[in-house]
Amino acid sequence: MNLSARAHKNLQSALAGALLGGLMASPRAGAAAVLNGLTAFTQGVLPFLFPFSCLAQLLACGRRAPLWALRLTGMLGGSPTGARLLAEVGDERAARRSAMMTGGVSPMFFAGTLALWLDSRADGTILLASHLGALALGGLLLPRGQARDIQTPEVSLPQAVAQSALAMLSVGGCIAMGALAAALTGAFLPDVPRALLHAALEMSGGCRAVISLAWPRVPTLCLISAACAFSGAAILFQNAGYWRGVGISVVRLAGYGVIRAALSAALTFVMICICQAMKIAV
């Protein structure tokens, strides 16, 4: 076992031990946090992401695709779809660019979940455009690399449903554990630092926590945009399980997330300013 892998396992064990101790000390608070996370998942995430995931798999199955098409599929499919598709495609430079471009979240989270939570389809559209722009611009910052075309596997409707159900189970579990970690580690923090910590640990629940702060519209949207582009520790660790085999560590993925977050927040601010200057209703 190399040094980075050993450090990763030690960090994982330390975090698990700390959370287990906190859960034993405050079982009711932990259970309430998990319940809140699962409620947010079943009411605001699952209804939008599950059908999108099924249909996206059927659309891309059984085709010989160039690298750009796979990256586009990864961008539209959200994490960890891109990591699963592209972790073994191309050289190291191509893999790094792919990791940057496919480390975001599904468009349905913006068009469905966030539009619902924000009660604004226009805000969801701005966030989606900013997110996709940040993924693309982030990829352009890295070397291109080389890769071959690959044949995507055949997928039947029952297989797509089963695979999407497993993926949604993973997403729901990450949301629940992120909510637990945020509740236990941020129990003594004021509302704003606790919401920011939640967003850093688990993106979807963190976005809902940011919305609950009732900040003015512009900083709220910019912060949500950054949180989605960073994607949160829960998603980073999911993606790292695929990219680690090609030498891309979770630390590097976190660095990519910071770059995407800065780009996405900046794009969101610029788009809001443009819409206001043009007097477009948003």
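Refer to the structure printed above.
Described below are features of the structure shown in this document. (Residues numbered from 1 in each chain as written. Predicted model: local features only at pLDDT ≥ 70, side-chain atom pairs only at ≥ 80, totals over all residues. Heavy atoms only, no water.)

Moving on: helix α12 (residues 232–243). The terminal C-alpha atoms of α12, which comprises 12 residues, lie 16 Å apart, in line with the 16 Å expected from a rise of 1.5 Å per residue. Listed in full, the buried residues belonging to α12 are Gly232, Ala234, Ile235, Leu236, Gln238, Asn239, Ala240 and Trp243. (Helix = DSSP H or I, 4+ residues; strand = E, 2+ residues; numbered from the N terminus. Expected span 1.5 Å × (residues − 1). Buried < 20%, exposed > 50% of the residue type's maximum accessible area, 1.4 Å probe, protein only.)

This next bit is on the packing of helix α6 (residues 107–118) against helix α11 (residues 217–230). It is the contact of α6 with α11, at a shortest axis distance of 13 Å, that shows an interaxial angle of 145 degrees. When you trace α6 past α11, the crossing you get is right-handed. Side by side, α6 and α11 meet where Phe109, Phe110, Leu114 and Leu118 of the first sit next to Leu221, Ile224 and Cys228 of the second. A class-by-class count of the residues in the contact of α6 with α11 yields 7 nonpolar, no polar and no charged. (Axes fitted to C-alpha atoms, helices over the stretch in contact; angles between N-to-C directions. Left-handed = near helix turned anticlockwise from the far one by under 90°. Contact = heavy atoms within 4.5 Å. Nonpolar A, V, L, I, M, F, W, Y, C, P; charged D, E, K, R; others polar.)

Okay, the packing of aromatic side chains next. Throughout the structure, instances matching the rule amount to 2 aromatic pairs. Measuring from centroid to centroid gives 6.1 Å for Phe109 and Phe110, while their planes differ by 80 degrees, and the two rings are edge-to-face. The burial state of Phe109 is the same as that of Phe110; both residues are buried. Residues Phe109 and Trp117 carry aromatic rings whose centres are separated by 6.2 Å and whose planes lie at 90 degrees to one another, so their mutual orientation is edge-to-face. Looking at Phe109, the relative accessible area reads 3%, which means it is buried. A connected cluster of aromatic rings, assembled from ring pairs, spans Phe109, Phe110 and Trp117. (Phe/Tyr/Trp six-rings, centres within 6.5 Å; stacked < 30°, edge-to-face > 60°.)

So, about unusual backbone geometry. The residue Asp119 is not glycine, and still its phi comes out positive at about 55 degrees. One can find Asp119 in the loop between α6 and α7 (121–140). Relative accessible area serves as the criterion here: at 72%, Asp119 is assigned to the exposed category. With a phi close to 85 degrees, Ser231 is a non-glycine residue in the positive phi region. According to the relative accessible area criterion, Ser231 is buried, its value standing at 0%.

So yeah, pure geometry; function would need other evidence.
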